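# A look at the structure
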Amino acid sequence: MALSTGTTLVYLFAAALFIFGIRLLRSPQTARAGNLVAAVGMFVAFVVTFFEFPADALTLVLIAIVVGLGSAVGGVIAVRVPMTSMPQFVAAFNGVGGGAAALIAFSEFYELEQGGGDESIVILLFIFFSILIGGLSFAGSIIAFVKLEEIALGGSVTFPGQKLVNAGLFVLALALMVTVISGGPVPLVLTGVLLALSLLLGVLLVIPIGGADMPIVISLLNAFTGLAAAASGMALGNTVLIIAGALVGASGTILTYLMSGALGRPLSKILFGAVAAAGTGPAAGDGEEKPVTSGGAEDVAATLAYEADSVIFVPGYGLAVAQAQGAMADLMRTLEAQGKDIKFAIHPVAGRMPGHMNVLLAEAEVPADKMFDLEDINDQFAETDAVVIVGANDVVNPTAREDGDSPIAGMPILNADQARHVVIVKRSLSPGFAGIDNPLFYDVDKTMMLFSDAKQGLEGVTQSVKNQG
Amino acid sequence: MAAEIVPQVIVLVLAIALGFELISRVPALLHTPLMSATNAIHGIVVVGAVVIVLTAEDTLTQVLGLVAVFFGAVNVVGGFIVTNRMLEMFRGGSRRRRG
């Protein structure tokens, strides 16, 4: 259906706002304004649609109710969700978007069929692409949510022949699309089968993925939803859907690539490697008891107060889980009051997503100029007196640098082991996501383990530093 | 039939090219907010869903369309608010100091 000139121009204006908004999101100073600009674009595009397609009062009331409900659900979740569980809710928001794209394509197909079924092959192609990718994104995002929220399917879920099954299903879906497009009138049931296949593919694609790789998968599914939205727009002849969807599809793909680069994990290895890697590599905690130096809060405080002028904090996932960012900021202020130089080393995937830890620390009022990326700080560890590692493990595991056969070989790590003193606040010696031992724990001359919950441990150290000072 | 869709294909290809250009060289700090913001932007499907409902000719498509409107609204509103919350913290961290 062709849009009126007025609506087309307003849609174009909305699309320009999206582009401008994303552009502003590239810099920390203007990012918030960029988000608001994009939101205004969304509002404009939404409102003008009602002028383009007049409808009866009942339909308008129904839409108003449903939009109200959806906004309330999305809004309440977004306001209430703790920043530590933010990744899984981004996945959830992404999933429903993918589901919506698939439903739109399915409805459009159904309408075309009812109207005589003389639709062009190109339109059908976009409809089926949207159903396949939208459905996949919907199911995959739900699995990502379930895994990250730790409801079920923890770790990497694999079964024999998984790759074969996935490949088979994908070929089946493509074959179905080709059959449907080339072969005259399309039975509705085949479209239903395609939808079911896409959901199954989404589930199977995400279940083998371990927690550490999940942000990259969420980013990929985000790009998928964008592409599905663009394809729905092609089917509907709606320019604003095409432009916004394509922008997200393309930028999401680049973002996924940047993230996997920051992790040193090629996308193919993440998506298809888990199945092969499962069961290989040395398991941690193989019954062998190795000695460690462990201490209490006062021992750590003594090291920091008397043997260190420069300290680098390395916050990890455990800090995020324990909501200990505030306790870490308090320790920073206490040590700074004693004239010590404090920096934060942020691994690209500290927390659960790139940038997630920066968000948490900013929430605790740690100045942005004290947070350093891996490349910027890695040379400074060797000249630093003490490193305080809180709830991190794999990201400071020197095995990644030294052992080419390690499952995390090649992953960029923080060179915390090069500092003079290492303090590790951690609940136990248990391994991280990668499931391997960390030799840094067992460096009895250099490393002191403080076995504690991140928050209690840091509060204890802060109190002891104050008492000693 | 196919000729009608050509302008749309042009728009699609240009928008994809622009999307690739827009995101290169973003600091890692902003990766998560950027993902979250683009996540909200693909909530534009809510507009497509509204079009389906407004032009629906039978009950089935109207119901499916309304479900899609619900999903899309969750995506848009949740997405923009959660992104705003993340970015608000960056600003708060540099300007507000605990007295």
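An account of the accompanying structure is given in this report. (Residues numbered from 1 in each chain as written. Chains lettered and ligands numbered in written order. Predicted model: local features only at pLDDT ≥ 70, side-chain atom pairs only at ≥ 80, totals over all residues. Heavy atoms only, no water.)

### Considerations on the pattern of salt bridges
Residue and element names in this part refer to chain A. Condition: Salt bridge, as used here, is a side-chain nitrogen of Lys or Arg placed within 4 Å of a carboxyl oxygen of Asp or Glu. Note on conventions: DSSP H or I runs of at least 4 residues are helices, E runs of at least 2 residues are strands, and numbering of each starts at the N terminus. Only protein chains enter the accessibility calculation, which uses a 1.4 Å probe; a residue whose area is less than 20% of its type maximum is buried, one above 50% is exposed, and one in between is partly exposed.
Going through the model one piece at a time under the given rule, you end up with seven salt bridges over all chains. Measuring nitrogen to oxygen at the nearest pair gives 3.1 Å for the salt bridge that ties Asp330 to Arg333. Remark: Arg333 and Asp330 occur in helix H13 (residues 325-337); sequence separation between them is three residues, near one turn of the helix. Measuring nitrogen to oxygen at the nearest pair gives 3.3 Å for the salt bridge that ties Arg401 to Glu402. On the basis of relative accessible area, Arg401 is assigned to the partly exposed category, the value being 38%. Classification of Glu402 by relative accessible area gives exposed; the value is 56%.

### Some details on the interface of chain B and chain A
In plain terms, the rule: In this analysis, two residues are considered to be in contact whenever any of their non-hydrogen atoms come within 4.5 Å of each other. Accessible-area loss on putting two parts together, using a 1.4 Å probe and summing over both, is the definition of buried area adopted here. Here a polar contact is recorded for every N or O atom pair within 3.5 Å, except that within protein the pair must consist of a potential hydrogen donor and a potential acceptor, and residues adjacent in sequence are included only if both atoms are side-chain atoms.
Contact with chain B, which involves 82 residues of that partner, is made by 103 residues of chain A. Summing the contributions of chain B and of chain A, the shared interface buries around 8,400 Å²; its carbon and sulfur component is 78%. There are one salt bridge connecting chain B and chain A. Measuring nitrogen to oxygen at the nearest pair gives 3.3 Å for the salt bridge that ties Glu88 of chain B to Arg32 of chain A. The interface formed by chain B and chain A contains 16 residue pairs in polar contact (both at pLDDT 80 or more). Ranked by residues supplied to the side of chain B that touches chain A, first place goes to helix H4 (residues 59-95) of chain B with 32 residues.

### Some thoughts on the side chain of Asp385 of chain A
Residues and elements named next belong to chain A. The topology assignment puts Asp385 in the loop between helix H15 (374-377) and strand E4 (386-390). Residue classification places Asp385 among the buried positions, given a relative accessible area of 12%. For Asp385, the side chain forms a polar contact with the main-chain nitrogen of Asp309, separated by 2.7 Å. Among the polar contacts made by the side chain of Asp385, one reaches the side chain of Arg420 at a distance of 2.7 Å. When near neighbours in sequence (up to four residues on either side) are disregarded, Asp385 contacts Glu307, Ala308, Asp309, Ser310, Arg420 and His421.

### What to know about the sheet that holds strand E1 (residues 310-315) of chain A
All names here are of chain A. Here is the rule: Any two strands between which DSSP finds at least two bridges are classified as paired. In this analysis an axis means a line fitted to C-alpha atoms, helices contributing only their contacting stretch, and an angle means the value between N-to-C directions, from 0 to 180 degrees.
Strand order across the open sheet formed by six strands is E3-E2-E1-E4-E5-E6, with parallel pairing between neighbours. Both edges of this open sheet fall to strand E3 (371-373) and strand E6 (447-451), since each of them pairs with a single strand only. Direction aside, neighbouring strands of the sheet carry axes that sit 25° apart on average. The sheet contact formed by strand E2 (residues 341-346) and E3 spans three bridges and is parallel. Bridge pairing in E3 places Phe344 opposite Met371.

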